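# Fold and contact review
Here's the letter readout for the chains.
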Amino acid sequence: MQLSTKHLLGIRDLLPKDIELILDTAKQFKEVLQRPIKKVPSLRDVTIVNLFYENSTRTRISFELAEKRLSADTINFSASGSSVSKGETLLDTVNNILSMKVDMVVMRHSATGAPHFLAQHIPAAIVNAGDGINEHPTQALLDAFSIQEKLGELKGKKIAIIGDIMHSRVALSNIYLLTKMGAEVTVAGPPTLIPKYLKDSFGIHVTYNVKEALDWCDVANVLRIQLERQNQVLFSSLREYNRAYGITKSLLSSLQKDVIIMHPGPINRGVELDSDVADSGQSIILDQVENGVAVRMAVLYLLSERREANN
Amino acid sequence: MEEKQLRLTLQRLAHELIENHFPFEDTCLIGIQPRGIVISDYIYQYIKEIHPEVNIQYGKLDITFYRDDFRGQIHIPSITDLPFSIEKKNVILIDDVLYTGRTIRAAMDALLDHGRAKKVELCILVDRKFSRELPIHPDYVGKSIDSIVTQKVKVYWGDEKKVILYESV
């Protein structure tokens, strides 16, 4: 049994059995993380570079911890403070790093498709840690892992993805993953932040009414408003967004059931999610972060296999 | 090795463990995933049948992440289930076939990451002596066989339970 792919560029390229394999393997790594010695020697002969061309807290720390828990050697690279500011190209930078005998690349980039471009030019295995507005596959995998942990299997579960769908790589990866695994998906948010193609290409439900989505779903994955990616006015003010589309305590209490609340972080408190919701018992936001390490360990472990082709 | 003989051998192993470790106050059994579990389940069950009053700690250990040969082909991990501390305990590691000794090396590394055991012993159903690549020796042996590298040992646990030695092609 092995993954059908050499890189993890997006959920788009994965088969359902790949997703199952990653999630099953992650379960065993989660057990490792509960031990007194939270470390296994599996990747002690592997060197990984974390290439971050865009800011990150959770993802970078989570990947770095996952690598250390697997006993891999790690190098951290962030674009600020490097020769990128002197004009070195992405491919030159990576080739220079690889010539120092690095086996895997974890990368985040603001340009959509940057890891796909690299995958065509370098021999190392690549893990996409977020590319522009395209995909963020490990986030979708850890979201799926967290849902499974709470609700059992994904098949037939109702997941609402709420907020800034258009600029969200988390949304796209989640939609790919959940539909491949047989879950039902509804996206909700302002019409200006939901691309028109979604309904036809994925066969998912689209609504502009958050209450309607919450009434329907088992799990609500609330996404951050990505102001840094918006260069035009898509809604009038944050306060108005909160009133129309924010998840508030009173909105949740008006439902007939307990919806599980997720958020990939960082949270804009009081905009898409109110503090008393984010910190409530219904929220599994910190479980998501905890599971992130186990899921990333599983991805790195499964991709570290040295295939005959490149050896 | 046919079913009847297999049962007798497993019962003898259970008796040997009782002889040395009764009443199992500081001793726990740990089966190695995936195939050692079948053996350890039987041995655990036999000890319970003979001494229903004793409370033996029994765990399962997966060693996938500790293997030295996984890079060529990824192994899929099984469940590790050690619901107790092995600190200062006598640990009996149980597996089906002892061949190169590399699995047991990995199992000892995995085990010691769970704590510092007082003593670790090894209980094996089939010992393929003369094939060891590491200095590892079993303490309890079901059956010892002479075999060469081209031969394979297979333990069947289906409807028909048996151990066979065959020439691999």
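Within each chain, residue numbers correspond to sequence positions counted from 1 in written order. All chains are assigned letters beginning with A, and all ligands numbers beginning with 1, in the order in which they are written. Local features are withheld for residues below a pLDDT of 70 in this predicted model, meaning they are given only at 70 or higher, and side-chain atom pairs are given and counted only at 80 or more; totals for whole chains, interfaces and linings count all residues.

## Some words on the overall build of chain A
Heads up, the rule is: Numbering of helices and strands runs from the N terminus; a helix is a DSSP stretch of H or I covering at least four residues, while a strand is a stretch of E covering at least two. What the globule rule says is 2.2 Å times the number of residues to the power 0.38, and the radius of gyration is computed from C-alpha atoms. The contact criterion used here is simple: two residues whose C-beta atoms, placed from the backbone, lie within 7 Å are in contact.
From N to C terminus, chain A includes 12 helices and 9 strands. Radius of gyration (C-alpha) of chain A: 19 Å, near the 19 Å computed for a compact globule of 311 residues. Across its three principal axes, chain A shows a C-alpha extent of roughly 55 × 45 × 35 Å. Within chain A, contacts between residues separated by at least 24 positions form 75% of all contacts whose residues are at least 6 apart in sequence.

## Here we look at the overall build of chain B
The test is simple: In this scheme the burial state of a residue depends on its C-beta neighbours within 10 Å: 20 or more other such atoms mean buried, 12 or fewer mean exposed, and anything in between means partly exposed; the C-beta positions come from the backbone.
Along its length, chain B carries 3 helices and 7 strands. Order of helices (α) and strands (β) in chain B, N terminus to C terminus: α-β-α-β-β-α-β-β-β-β. For chain B, the C-alpha radius of gyration of 16 Å lies close to 15 Å, the compact-globule estimate for 169 residues. Along the first, second and third principal axes, the C-alpha atoms of chain B reach 50 × 40 × 30 Å. Counting the 169 residues in chain B, one finds 36% classified as buried. A fraction of 67% describes how many contacts in chain B between residues 6 or more apart in sequence connect residues 24 or more apart.

## Brief notes about unusual backbone geometry
Each neighbour pair has its own omega, and for glycine 265 of chain A with proline 266 of chain A the value is -10°, a cis peptide bond. Phi is positive for phenylalanine 130 of chain B, close to 70°, though the residue is something other than glycine. Looking at the element boundaries, phenylalanine 130 of chain B is found in the loop between strand E4 (119-129) and strand E5 (140-146). With 10 C-beta atoms counted inside 10 Å, the residue phenylalanine 130 of chain B sits in the exposed group.

## Regarding the sheet that holds strand E8 (residues 219-222) of chain A
Residues and elements named next belong to chain A. What counts here: Any two strands are treated as partners once DSSP identifies two or more bridges connecting them. Axis angles are defined between N-to-C directions and span 0 to 180 degrees, where every axis is a line fitted to C-alpha atoms and, for a helix, only to the segment in contact.
Read from one edge of the open sheet, 5 strands run E7-E6-E5-E8-E9, paired in parallel fashion. Each edge of the open sheet carries a strand with a single partner, namely strand E7 (205-207) and strand E9 (260-262). Looking at each pair of strands side by side, their axes are set apart by 20° on average, direction ignored. Taken together, the 5 bridges between strand E5 (residues 158-162) and strand E6 (residues 184-188) define a ladder with parallel strand orientation. Looking across to E6, one finds that isoleucine 159 is bridged to valine 185.

## Re the interface of chain A and chain B
Every contact between the two is made by 15 residues of chain A and, on the other side, 14 residues of chain B. Sort the elements by how many residues they give to the side of chain A that touches chain B and helix H1 (residues 16-32) of chain A lands first, with 4 residues.

## Regarding the pairing of strand E3 (residues 104-109) of chain A
All names here are of chain A. In plain terms, the rule: Note on handedness: a clockwise path from strand one over the helix to strand two, with the strands aimed away from the viewer, defines a right-handed crossover.
Counting buried residues in E3 gives 6 out of 6 residues, a clear majority hidden from the surface. Side chains Met104, Val106 and Arg108 of E3 all project onto a buried face; the interleaved residues Val105, Met107 and His109 project onto the opposite face, where all are buried too. Summarising the sheet, E3 and strand E4 (residues 125-131) pair through 5 bridges and their orientation is parallel. Looking across to E4, one finds that methionine 107 is bridged to asparagine 128. In this region the chain leaves E3, passes through helix H4 (residues 114-121) and returns to the parallel neighbour E4; the handedness of that crossover is right-handed.

## Quick word on the sheet that holds strand E1 (residues 27-32) of chain B
Through backbone hydrogen bonds, the strands of a sheet pair up, either in parallel or in antiparallel fashion. All names here are of chain B. Pairing is parallel across the open sheet formed by 5 strands, whose spatial order is E2-E1-E3-E4-E5. Strands with a single pairing partner mark the edges of an open sheet, and in this sheet they are strand E2 (57-61) and E5. Taken over all neighbouring pairs, the strand axes of this sheet differ in orientation by 25° on average, direction set aside. Bridge count for E4 against E5 is 6 bridges, and the pairing is parallel. Paired with valine 126 across the strands is lysine 143, a residue of E5. Across the sheet, helix H1 (residues 3-21) touches E1, strand E3 (90-98), E4 and E5, and the angle it forms with E5 is around 135°. Contacts between helix H3 (residues 102-112) and the sheet are confined to E1, E2, E3 and E4, with E3 contributing the most and set at about 155° to the helix.

## Some details on H3 of chain B
Residue and element names in this part refer to chain B. Put simply, the rule reads: Directions drawn from the helix axis to the C-beta atoms are what define this arc.
Restricting attention to buried positions, one finds in H3 the residues Thr103, Ile104, Ala106, Ala107, Ala110 and Leu111. Projected down its long axis, H3 carries its buried residues within an arc of 155°, all on one side. Buried residues along H3 sit in contact with E1, E2, E3 and E4.

## Looking at helix H5 (residues 137-151) of chain A
Residues and elements named next belong to chain A. Defined as follows: Expected helix span is computed as 1.5 Å times (number of residues minus one).
Under the 1.5 Å per step criterion, the end-to-end length of H5 is 21 Å for 15 residues, consistent within 8% with the ideal 21 Å. Summarising burial for H5: 11 of the 15 residues are buried, a large majority. Among the residues making up H5, those that are buried are Pro137, Thr138, Gln139, Ala140, Leu141, Leu142, Asp143, Ala144, Phe145, Ser146 and Ile147. Residues of H5 that are buried sit in contact with H1, E4, helix H6 (169-180), E8, E9 and helix H12 (285-303).

## Describing the pairing of strand E1 (residues 47-52) of chain A
Residue and element names in this part refer to chain A. Counting buried residues along E1, 5 of its 6 residues qualify, which places the element largely inside the surrounding structure. Here 6 bridges tie E1 to strand E2 (residues 73-78), and the two strands are oriented parallel to one another. Within E2, the position partnered with isoleucine 48 by the bridge is threonine 74. Read as a crossover between parallel neighbours, the route from E1 over helix H2 (residues 58-69) to E2 is right-handed.

## Some points on the confidence of the model for chain B
The line we're drawing: Confidence scores here are pLDDT values: one per residue, from the predictor, ranging 0 to 100.
Per-residue confidence for chain B averages 87 on the pLDDT scale, and 96% of its residues sit at or above 70. Reported confidence for the predicted complex is 0.76 by ipTM and 0.88 by pTM.

## Observations concerning the environment of methionine 297 of chain A
Residue and element names in this part refer to chain A. Tracing the sequence through the fold places methionine 297 in helix H12. Residue methionine 297 is classed as buried on the basis of its C-beta count, with 30 C-beta atoms lying within 10 Å. Spatially, the C-alpha atom of methionine 297 lies 9.3 Å from that of serine 62, the residues being 235 residues apart in sequence. In this structure methionine 297 touches Phe29, Ala66, Arg69 and Leu70, once residues within four positions along its chain are discounted.

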